[in-house]
Amino acid sequence: MSLIAIIVVGAGIFAYRQLNTPAPEQQYRLQKAENGDVNLTVSANGTINPVTLVSVGAQVSGRVKKLYADNNSKVEQGDRLLELDASILDAQLKQSMASVQSATASLDLAVANETRMQNLFAQDYVSRQELDAAIQARKAAAAQLQTAQAQVERDQANVGYAVVRSPVSGVVIDKQVEVGQTVASSFQTPTLFKIAQDLANMQIDASFAEADIGNIRVGQKARFTVDAFPDRSFMGEVKLIRLNPVIQQNVVTYNVVINVDNPDKILLPGMTAYVSIVVKERKDTLMVPNAALRYKPSNEIEQKSEKSDTPKIKRDAFSGKVYVLEQGKPKLRNVILGITDNRNTEITGGELKTGEQIILGESRASESISAGSQPMRMRF
């Protein structure tokens, strides 16, 4: 009686498995091996900056008396930006002009003395040495006058520098001074304004890893996004690869400058740009999803290819394995890998053919059936 019960239960289990085992096409997630486009991209973060950013400072010291520009002000070349209190500068100019008058009077006296000495020397009333002294005094007075005149010119220039003017036409993007503030330019010229010359033409300064820099070339197209417009992408072009490396914590990066057209002026200085550059393209090439390259049959036994005449592929960084569904079972296909876009990978050679059903993984239904078909323990 026990033997009969075992036979009956076993037959029931077999029938249950037969009825509930899905078809091979339902056991796996499948996709046909097809041709398509694969692009290899490199990515980095960068900052959007004006192409020309001019820092405007003051060449003289003084208290800010008046401001003519503010943040976002549009200015033309030569426009007033601010005016310093020029009281001290005016006083220095007056002192220099007085020195010129004094030096002029001294020169006039020295010329008269020289003329007198020449007449007396002609009549043998004075010696040659006395005449030479008069000539030297006249030359010294002339030099003193030139020094005083140069001082006047310098003080006049300083009075002019009390009015700070814009060196370029553009937009003020940063004002760092207020009325009443004292500007000291004794040791280092302070930055008072930052003026972007043209916000319609911007550039991205992005840092790329040394592993990626070898694939980047001047003229390549770059696509980027910014947080301010998450649903919109922008285009740029690689302008320059700076040769000076930046090393931080033993990580080497290189600065890549990307030109960006900004006709609507919606891209603002300082925005973070997420840049992607397409460095390699493959058109209409055989490709497989990366999930297929990661798949292994659940029994973890590699299936041998039935093509005995196919040369053995040397295992390296450019080789891989995929499984195809053949006669209801997974079959191994050795492949040679090309570039990847992190979703699909180019297949440059190997045993895989266009149109074959690639296995991406096992379906959930198959997994649940496998989990529910564990051996039953019978007690009699």
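Since we're looking at a predicted model, the values are computed, not measured. (Residues numbered from 1 in each chain as written. Predicted model: local features only at pLDDT ≥ 70, side-chain atom pairs only at ≥ 80, totals over all residues. Heavy atoms only, no water.)

1. Quick look at the pairing of strand 17 (residues 329–340)
Taken residue by residue, a regular strand's side chains alternate between the two faces of the sheet. Summarising the sheet, strand 16 (residues 319–326) and strand 17 pair through 8 bridges and their orientation is antiparallel. Across the sheet, residue Tyr323 finds its bridge partner in strand 17, namely Leu332. Between strand 16 and strand 17, which pair antiparallel in sequence order, lie 2 residues; one of them, Gln327, sits at a positive phi of approximately 55°. Relative to strand 18 (residues 344–350), strand 17 runs antiparallel, the two being bridged by 4 bridges. Directly across from Leu337, in strand 18, lies its bridge partner Ile347. Once strand 17 ends, the chain turns through 3 residues before running back antiparallel as strand 18, passing Asn342 with a positive phi of about 75°. (Pairing = 2+ DSSP bridges. Helix = DSSP H or I, 4+ residues; strand = E, 2+ residues; numbered from the N terminus.)

2. Some words on the pattern of salt bridges
Counted under the stated rule, the structure contains 12 salt bridges. Asp70 serves as the salt-bridge partner of Lys175, at 3.9 Å between the closest nitrogen and oxygen. Of this pair, Lys175 sits in strand 8 (residues 170–175) while Asp70 sits in the loop between strand 4 (62–67) and strand 5 (74–75), placing them 105 residues apart in sequence. Looking at Lys175, the relative accessible area reads 12%, which means it is buried. The shortest N-O distance in the salt bridge between Lys175 and Glu178 comes to 2.7 Å. When salt bridges with common partners are traced through the structure, they connect Asp70, Lys175 and Glu178 into a single cluster. (Salt bridge = Lys/Arg side-chain N within 4 Å of Asp/Glu carboxyl O. Buried < 20%, exposed > 50% of the residue type's maximum accessible area, 1.4 Å probe, protein only.)

3. As for the packing of aromatic side chains
For the structure shown, the criterion picks out 3 aromatic pairs. When the ring of Phe224 is compared with that of Phe234, the centres are 5.4 Å apart and the planes differ by 25°; the resulting orientation is stacked. Of the two residues, Phe224 is situated in strand 12 (residues 221–226) and Phe234 in strand 13 (residues 229–248); the sequence distance between them amounts to 10 residues. For Phe224, a relative accessible area of 1% puts it in the buried group. (Phe/Tyr/Trp six-rings, centres within 6.5 Å; stacked < 30°, edge-to-face > 60°.)

4. So, the sheet that holds strand 5
The 4 strands are arranged 3-10-8-5 in an open sheet whose pairing can be described as antiparallel. Strand pairing shows two members of the sheet lacking a second neighbour, strand 3 (53–57) and strand 5, which therefore form its edges.

5. Quick word on unusual backbone geometry
Within the chain, Asp124 stands out as a residue other than glycine whose phi angle is a positive 65°. You can see Asp124 is positioned in the loop between helix 3 (87–122) and helix 4 (128–161). Even without being a glycine, Gln249 presents a positive backbone phi close to 55°. Tracing the sequence through the fold places Gln249 in the loop between strand 13 and strand 14 (251–261).

6. Focus: the environment of Phe193
Assignment of secondary structure puts Phe193 in strand 10 (residues 191–196). Classification of Phe193 by relative accessible area gives buried; the value is 0%. In this structure, the C-alpha to C-alpha distance between Phe193 and Asp70, residues 123 residues apart in sequence, is 8.9 Å. When residues no more than four places from it in sequence are discounted, the contact partners of Phe193 are Val54, Ser55, Val56, Leu67, Ala69, Leu81, Leu82, Val172, Asp174, Lys175 and Val177. (Contact = heavy atoms within 4.5 Å.)

7. Here's the deal with the sheet that holds strand 7 (residues 163–165)
Within the open sheet, the 4 strands sit side by side as 7-6-4-9. Their pairing is antiparallel. Here the strands that pair on one side only, and so sit at the sheet edges, are strand 7 and strand 9 (182–183). Across 3 bridges, strand 6 (residues 80–84) lies against strand 7 in antiparallel orientation. Each residue of the ladder has a partner; that of Leu82, found in strand 7, is Val164.

8. So, the environment of Leu145
Structurally, Leu145 is set in helix 4. Under the relative-accessibility criterion, Leu145 is labelled buried at 12%. Between the alpha carbons of Leu145 and Leu107 there is a distance of 7.4 Å; along the sequence they are 38 residues apart.

9. Description of helix 3
With 36 residues, helix 3 ought to run about 52 Å at 1.5 Å a step, and its terminal C-alpha atoms sit 53 Å apart, in line with that. Buried within helix 3 are the following residues: Leu89, Leu93, Ser96, Val100, Ala103, Leu107, Ala110 and Glu114. Asp124 sits one or two residues past helix 3 and shows a positive phi near 65°. (Expected span 1.5 Å × (residues − 1).)

10. Thoughts on the pairing of strand 11 (residues 201–209)
In this sheet, strand 11 lies alongside strand 2 (residues 34–50) in antiparallel orientation, the contact comprising 5 bridges. Its bridge partner being in strand 11, Thr47 is matched across the sheet by Asp205. Bridge analysis of strand 11 against strand 14 gives 9 bridges, and the strand direction is antiparallel. Its bridge partner being in strand 14, Asn201 is matched across the sheet by Asp261.

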